[in-house]
Amino acid sequence: MKESTSELTFLEVFMLSVTDASEFMLEEKRFFTARDLSRNFNVSYVRAQRWLSSISTGERYQVEIKEADELMVKLKSINGRTVPFAQLQSKAIMFQRPSMLV
C-alpha cells in the first residue's frame, strides 16, 4: 500500500477492503474509530463503520475494544499473526518491496 492515501487513484480507493484496513490497523498498533479509518483511506464514514464492524466481530481478528463516544478498536492479530504482512514480505526477501510493486 502507498505511504499516503492522497496518492491513491479512484480505482485504488474503490478496491480497498477490510483486509487493507486491518493490515493498516495492525501496523499502527493503536485504537481506531470509523472516523479515523474514513479519513485515512478517504472513504465514506459508513464504509469505514462497516470495516470496523467486520474487524471487531470477525473470528479471524483478535481485538481490544473501547467504547467511548464511538466504538474504538485496536487490532492485536489477524489469524494469530501479530506482524503486518508487508513486514513479513520484507523479511522474507531481505529488502522492502519497491512501491511500484505494492
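Residues numbered from 1 in each chain as written. Predicted model: local features only at pLDDT ≥ 70, side-chain atom pairs only at ≥ 80, totals over all residues. Heavy atoms only, no water.

### Describing helix 3 (residues 34-41)
And step 1. Restricting attention to buried positions, one finds in helix 3 the residues Ala34, Leu37, Ser38 and Phe41. Down the axis of helix 3, the sector holding all buried residues measures 100°, keeping them to one side.
And step 2. Just past helix 3, the residue Asn42 takes up positive phi, approximately 55°. (Buried < 20%, exposed > 50% of the residue type's maximum accessible area, 1.4 Å probe, protein only. Helix = DSSP H or I, 4+ residues; strand = E, 2+ residues; numbered from the N terminus. Arc of directions from axis to C-beta.)

### Focus: the packing of aromatic side chains
And step 1. The full count for this structure, using the stated rule, is 3 aromatic pairs.
And step 2. Plain terms: the ring middles of Phe24 and Phe41 are 5.5 Å apart, the flat faces sit at 80° to each other, and that makes the pair edge-to-face. You can see Phe24 sitting in helix 2 (residues 18-28) and its partner Phe41 sitting in helix 3, a full 17 residues away along the chain. Here Phe24 matches Phe41 in class, with each residue buried.
And step 3. On the basis of an interplanar angle of 90° and a centroid distance of 5.6 Å, the ring pair of Phe41 and Trp51 is categorised as edge-to-face. In this pair, Phe41 sits in helix 3 while Trp51 sits in helix 4 (residues 45-57), placing the two residues 10 residues apart along the sequence. Each of the two residues, Phe41 as well as Trp51, counts as buried.
And step 4. Following the ring pairs from residue to residue traces out a cluster consisting of Phe24, Phe32, Phe41 and Trp51. (Phe/Tyr/Trp six-rings, centres within 6.5 Å; stacked < 30°, edge-to-face > 60°.)

### Description of the packing of helix 3 against helix 4
And step 1. Where helix 3 meets helix 4, the axes come as close as 8 Å, and the angle between the chain directions of the two elements is 120°. It follows from the interaxial angle that helix 3 and helix 4 lie oblique. Between helix 3 and helix 4 lies a crossing whose hand is right-handed. Residues Ala34, Arg35, Leu37, Ser38 and Phe41 of helix 3 form the contact with helix 4, whose own contacting residues are Tyr45, Ala48, Gln49, Trp51 and Leu52.
And step 2. Partitioning the contact of helix 3 with helix 4 into residue classes produces 7 nonpolar, 2 polar and 1 charged. (Axes fitted to C-alpha atoms, helices over the stretch in contact; angles between N-to-C directions. Parallel < 35°, antiparallel > 145°, perpendicular 65-115°, else oblique. Left-handed = near helix turned anticlockwise from the far one by under 90°. Contact = heavy atoms within 4.5 Å. Nonpolar A, V, L, I, M, F, W, Y, C, P; charged D, E, K, R; others polar.)

### Re the nonpolar core
One broad trend across soluble globular proteins is that nonpolar side chains are buried collectively.
And step 1. Core analysis: the biggest nonpolar cluster contains 18 residues, and Met25, Leu37, Phe41, Ile55 and Leu75 have the highest contact counts within it.
And step 2. Elements that contribute at least two residues to this core include exactly helix 2, helix 3, helix 4 and strand 2 (71-78). (Core = buried A, V, L, I, M, F, W, Y, C linked by side-chain atoms within 4.5 Å.)

### Quick look at the environment of Arg30
And step 1. Among the secondary structure elements, Arg30 is positioned in the loop between helix 2 and helix 3.
And step 2. With a relative accessible area of 37%, Arg30 lands in the partly exposed category.
And step 3. Along the primary structure Arg30 and Lys74 are separated by 44 residues, whereas in three dimensions their C-alpha atoms are 5.5 Å apart.

Honestly, that's just the spatial picture; any functional story needs more than this.
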